Amino acid sequence: MHDKRFELFLKKCTRQKVEKGLIPVLEHVSKLGIQVDLQELFQRFTFDVVGLLVFGVDSNRLSVELPLIPHEKAFDDMEEAVFIRCLMPKSYWKLLKWLQIGEEKKLKEAWEIFDRFLYQSISAAREKLISRSKSPLEEEEEFTVLNAFLADQGGQTDYTCENSNKILRDHAFSLVAAGRDTLSACLTWFFWFVATNPSIETKILEEIKEKLQENGKLRIFSTEELNSLVYLHATLCETLRLYPPVPFNHKTALEADVLPSGHQIPQNTKMLISFYSMGRMHEIWGQDCLEFKPERWITKQGRIMHVPSYKFSAFNAGPRSCLGKEMSFIQMKIIAVALIWNYRLQLVEGHPVTPKNSVTLHMKYGLKVKVTRRFG
Ligand code: HEM
C-alpha cells in the first residue's frame, strides 16, 4: 500500500471517479433540483474505487441511475450482525447461529451473496490479466492489489489455485471493509460540519483561492495541488477526532497484564476502547473538546501539528495502526475540494442527523442535501 505505483494508481482512480461518477450525479441532481443522500453517494464512490484498487474492476455503482446492488446490501447486513456480536455475550449470538435465526441467519445469507461477488470479481480480474500480454506490474495503472499479490507469488500464474483465491478473497474482504465505510463515514460528517458552519466553508474556499490555480470555473484539482491545503487537512482531522469512523476497538488479553494506569487486567479479559469518547475527553483535548475547531491542528507557523496516535486514535495506535491513513487523506481531499469548490450544499430542512449504532460511525438516516452549481 505504500508503493509509489499504488499511490499513483489510487490518485488516478479517485480523480476519474470524481470526474466520471460524482460530478455527473451532482450535475444531474442540481439540474433537477432534487435532494440526494450524500452518505449514499460516498458509499457508492468508495465501493467503486476500492473495487478498482483491489481487482481493477469498476462496479459503476456511482452513476446517475444509482443502481441497486445486492452485494452491497449484503455488506450492510453483515456489518449489523458483526455489531451485535461485539455487544452481546458470545453465548447469545452462538445460540442464534445454531438456531439459524435473527441477525445470524441474515449474516449467513449476506455472507453467501458477498462471497459470490468477491469470487466473481477475482475471476474477472484474473481473466483480464490472462488476456494481457504484458507482465502484471509493467505500468502503474495496473498496480491493483490482485496484480501485486500475483507478483508477490513470484509471477506464478496458477489461476485455478483454490488456496490462493481464498487468500485473495480474504484480503479483498478486509480491504473493502477497511476502505469503503471508513472514508464515506468521515466524508459525510465532514460535509455536515461544513454545511452547518458557514465560516469553515468560507475558510476552505479562501484557502483554495489563495493556494491553488483556480480560474473561477468548474474544475478538478490535481493531487499535488491539494497538499498545500492545511486548513482543509485540519478540518478533516477535527472531523475524525469528534466522529471517528471506527468508534471503538476491542482487544482481549492473552495473558494477565497491568495497564500503564495501574489497572490489573486478568487473562482473557475483553476490553473495549472507545475512540469516540477519547475524542471528547477534557483530559485529552482540553476544556473546548466539544467544540469543532480545525485551528487546534495548526501550528503558529501555519503547518499541521503532529499529534501522537495514542492521543489522536482515529486510525488506531501501535502495531495494528491503519495502513490506509495516507491514502485516506489523499482521497478525502480530492473529493472534498471537488465538491466544495464546484457546488453549494444545503442541508434539507428537518432532516434528522444522528449516529447509527454500528461498527462504523454512519449517519442513521444518511445526509440529505440539495446541490447547486457555483459556476454557470
Ligand atoms: C478515514 C478513513 C479510515 C479510518 C478512520 C481508518 C481507521 C482504522 C482503524 C481504527 C484501524 C484498526 C482496526 C482494528 O484494529 O480493529 C484500521 C486498520 C486498517 N485499515 Fe484503516 N481506516 C481508514 C481508511 C482505510 C483505507 C482507505 C484503507 C485501505 C483500503 C484502510 C486499510 C486498513 C487496514 C489494511 C487495516 C488493518 C491493519 C492491521 O491490522 O495491521 N483503512 N483502520
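If you look the protein chain up in an unreviewed UniProt entry, it shows as Cytochrome P450 from Acer saccharum. Its UniProt record gives the protein chain a comment under Cofactor (unreviewed entry), which states: "heme".

Another point: the overall build of the protein chain. On a plain count of helices and strands, the protein chain comes out with 13 helices and seven strands. Whereas a compact globule of 376 residues would reach a radius of gyration of roughly 21 Å, the protein chain reaches 22 Å, a difference of no more than 12%. Counting across all 376 residues of the protein chain, residues that qualify as buried make up 47%. Restricting the contact set of the protein chain to residue pairs at least 6 apart, pairs at least 24 apart contribute 70%. Accessible surface for the protein chain amounts to roughly 19,200 Å². Of this, 55% is attributable to carbon and sulfur atoms. With 50 positive and 46 negative side-chain charges, the protein chain shows a spacing of 2 Å between the two charge centroids.

So, on to the environment of Arg126. Looking at the secondary structure, you find Arg126 in helix α5 (residues 102-130). Sequence separation between Arg126 and Ile204 is 78 residues, and the spatial gap between their C-alpha atoms is 43 Å.

The subject of this paragraph is the coordination of the iron atom of the ligand. With respect to protein ligation, the iron atom of the ligand binds only Cys322 (SG), at 2.3 Å. With respect to the element layout, Cys322 can be found in the loop between α12 (282-285) and α13 (325-342).

This part covers α5. Over its 29 residues, α5 extends 43 Å from the first C-alpha to the last, a length consistent with the 42 Å expected when each residue adds 1.5 Å. Residues of α5 that are buried include every one of Glu104, Leu107, Ala110, Phe114, Asp115, Phe117, Leu118, Ser121, Ile122, Ala125, Arg126 and Leu129, and no others.

The next thing to look at is a nonpolar patch on the surface. A cluster of nonpolar side chains, Leu95, Trp98, Leu99 and Ile101, forms an exposed patch at the surface whose accessible area comes to about 460 Å². Examined against the element boundaries, Ile101 turns out to sit in the loop between α4 (90-99) and α5. On the basis of relative accessibility, which here comes to 40%, the residue Ile101 falls in the partly exposed class.

Before going further, it helps to spend a moment on unusual backbone geometry. One non-glycine residue with positive phi stands out, namely Asn60, at about 50°. Relative to the helices and strands, Asn60 is located in the loop between α2 (38-55) and α3 (70-87). Its relative accessible area of 42% is what places Asn60 among the partly exposed residues. Positive phi, close to 50°, is recorded for Gln100, a residue that is not glycine. Considering the arrangement of structural elements, one finds Gln100 in the loop between α4 and α5. Overall, the relative accessible area of 28% leaves Gln100 in the partly exposed class.

Counting through the fold element by element, Arg169 comes out in helix α7 (residues 162-196). Only 2.7 Å separates the side chain of Arg169 from the side chain of Asp115, close enough to count as a polar contact.

One broad trend across soluble globular proteins is that nonpolar side chains are buried collectively. In this structure, Leu38, Phe190, Phe191, Ile204, Phe312 and Leu339 are the most contacted members of the largest nonpolar core, which totals 73 residues. The element best represented in this core is α13, accounting for twelve residues. Excluding residues that lie within four positions of it along the chain, Phe191 makes contacts with Leu38, Phe42, Ala336, Leu339, Ile340, Leu345 and Leu367. In terms of nonpolar packing, the next biggest core, distinct from the first, is built from 22 residues, Val54, Met78, Leu107 and Ile122 among them.

About the criteria used
Residues numbered from 1 in each chain as written. Predicted model: local features only at pLDDT ≥ 70, side-chain atom pairs only at ≥ 80, totals over all residues. Heavy atoms only, no water. UniProt positions renumbered as here; feature names shortened; annotations may be inferred. Helix = DSSP H or I, 4+ residues; strand = E, 2+ residues; numbered from the N terminus. Rg over C-alpha atoms; globule rule 2.2 N^0.38 Å. Buried < 20%, exposed > 50% of the residue type's maximum accessible area, 1.4 Å probe, protein only. Contact = heavy atoms within 4.5 Å. Areas by Shrake-Rupley, 256 points an atom, 1.4 Å probe, with all protein chains shown as cover. Lys, Arg positive; Asp, Glu negative; His and termini not counted. Charge placed at Lys NZ, Arg CZ, Asp CG, Glu CD. Donors = N, O, S within 2.8 Å, 3.2 Å for Na, K, Ca; no water. Expected span 1.5 Å × (residues − 1). Patch = residues over 30% accessible without salt bridge, like charges linked within 9 Å, V, L, I, M, F, W, Y side chains within 5 Å. Salt bridge = Lys/Arg side-chain N within 4 Å of Asp/Glu carboxyl O. Polar contact = N/O pair within 3.5 Å; in protein donor to acceptor, adjacent residues only side chain to side chain. Core = buried A, V, L, I, M, F, W, Y, C linked by side-chain atoms within 4.5 Å.

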